[in-house]
Amino acid sequence: MEINNDDGLLWDKESDAVLDVRKEREKLEIPNESGMEAFDCTDLACKLQQDEIKGLTGVTTYQDSIDEILSDLAEKYFLQSLKRNPKDKDQIFIYLAKIADKKNQNETAITWLNKINNGPHFIESKLIAAEIIAKKESIDKALIFLNGLKANSPEENLSLIQSKTSLLTRANRHQES
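What counts, and where the lines are drawn
Residues numbered from 1 in each chain as written. Predicted model: local features only at pLDDT ≥ 70, side-chain atom pairs only at ≥ 80, totals over all residues. Heavy atoms only, no water. Buried < 20%, exposed > 50% of the residue type's maximum accessible area, 1.4 Å probe, protein only. Helix = DSSP H or I, 4+ residues; strand = E, 2+ residues; numbered from the N terminus. Arc of directions from axis to C-beta. Phe/Tyr/Trp six-rings, centres within 6.5 Å; stacked < 30°, edge-to-face > 60°. Axes fitted to C-alpha atoms, helices over the stretch in contact; angles between N-to-C directions. Parallel < 35°, antiparallel > 145°, perpendicular 65-115°, else oblique. Contact = heavy atoms within 4.5 Å. Nonpolar A, V, L, I, M, F, W, Y, C, P; charged D, E, K, R; others polar. Salt bridge = Lys/Arg side-chain N within 4 Å of Asp/Glu carboxyl O. pLDDT = per-residue confidence, 0-100.

**Some details on helix α5 (residues 106-113)**
Considered for burial, the residues of α5 that qualify are N106, A109, I110, W112 and L113. Summarising the axial view, the buried residues of α5 lie within an arc of 160 degrees, below the 170-degree limit, and thus occupy one face.

Next up, the structure:
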C-alpha cells in the first residue's frame, strides 16, 4: 500500500484500488480521547492544532502527525482486510510488519512475518525479518538467520546473497561481502 499524503488517498496494490480516506472514513476508525470514532478530516485538523499547541514529544511537524495517523489508518485497513479472508494474506502480513517496524515495534513486526511459512512471499518476509534482526540485535545474528534459510530457486538464492552482501557492506565488512 502506498500513501499519498497530499490528497488523502490510499492505494492498495493487491486490489489495485484507490481508497479515498474521506469516503472511507465511516469504515475506518481511529482512537481518540473518548474512544473509537469515525475518521473525520475536521477532527484531524483540530487534533493537529492541539498537538502543535501542546508540543507533543516526538511530533515535530504536521507531516509527522499526518504520517502517524495515516499509518494507523492503513494498519486498521489491513486488519479489516484479514477478516475478509483475502486472496493474498501473506502480502497483508508483510504490510502489517512494515507498519509495525516503522513504529519500532520489532517483536510485532517479526510476529507478522513469522505467519508466512511458504509461498511466493516467504523469502521476502525472511529478508525483512533479517533487516529487523540486524537493526534490533546485530548484523551477525541477521547473517546467522539468513544462513539458516534454504532458497527454492536461483532467484531466491540471489536475493539471499544480495541481502547478506548488503548487510556486510553497511557494516563496513567489505572483505566478507
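**Topic: the packing of aromatic side chains**
The way to describe two aromatic rings as a pair is by their centre distance and the angle between their planes. Under the defined criterion, the tally for this structure stands at three aromatic pairs. The interplanar angle of 65 degrees and the centroid separation of 5.4 Å between the aromatic rings of Y77 and F78 together place this pair among those described as edge-to-face. The class of F78 is buried, set by a relative accessible area of 2%. Each ring, one from F93 and one from W112, has its centre 5.8 Å from the other, and the planes form 25 degrees; the classification is stacked.

**Notes on the packing of helix α7 (residues 139-147) against helix α8 (residues 154-170)**
With their axes 10 Å apart at the nearest point, α7 and α8 run at an angle of 170 degrees to one another. Considering their axes alone, α7 and α8 lie roughly antiparallel with respect to each other. Where α7 abuts α8, its residues I139, A142, L143, L146 and N147 lie against L160, S163, K164, L167 and L168. Here the residues of the contact of α7 with α8 sort into seven nonpolar, two polar and one charged.

**Focus: the pattern of salt bridges**
According to the stated counting rule, one finds nine salt bridges in the structure shown. Measuring nitrogen to oxygen at the nearest pair gives 2.3 Å for the salt bridge that ties E107 to K136. One end of the pair, E107, is in helix α5; the other, K136, is in helix α6 (residues 122-136), and 29 residues separate them in sequence. Given the relative accessible area of 34%, K136 is considered partly exposed. Between R170 and E131 there is a salt bridge, with its nearest N and O atoms 2.7 Å apart. With a gap of 39 residues between them, R170 in helix α8 and E131 in helix α6 connect regions that are remote in the sequence. Each of E107, K136, E137 and K141 takes part in one network of salt bridges that share partners.

**Concerning the confidence of the model for the protein**
The pLDDT averaged across the protein works out to 75; a share of 63% of its residues lies at or above 70. A low-confidence stretch, residues 1-8 stays under pLDDT 50, and its non-local contacts, those more than four residues away or across chains, total 25 contacts. The low-confidence segment residues 18-59 (pLDDT under 50) makes 61 contacts with residues lying over four places distant or belonging to another chain.

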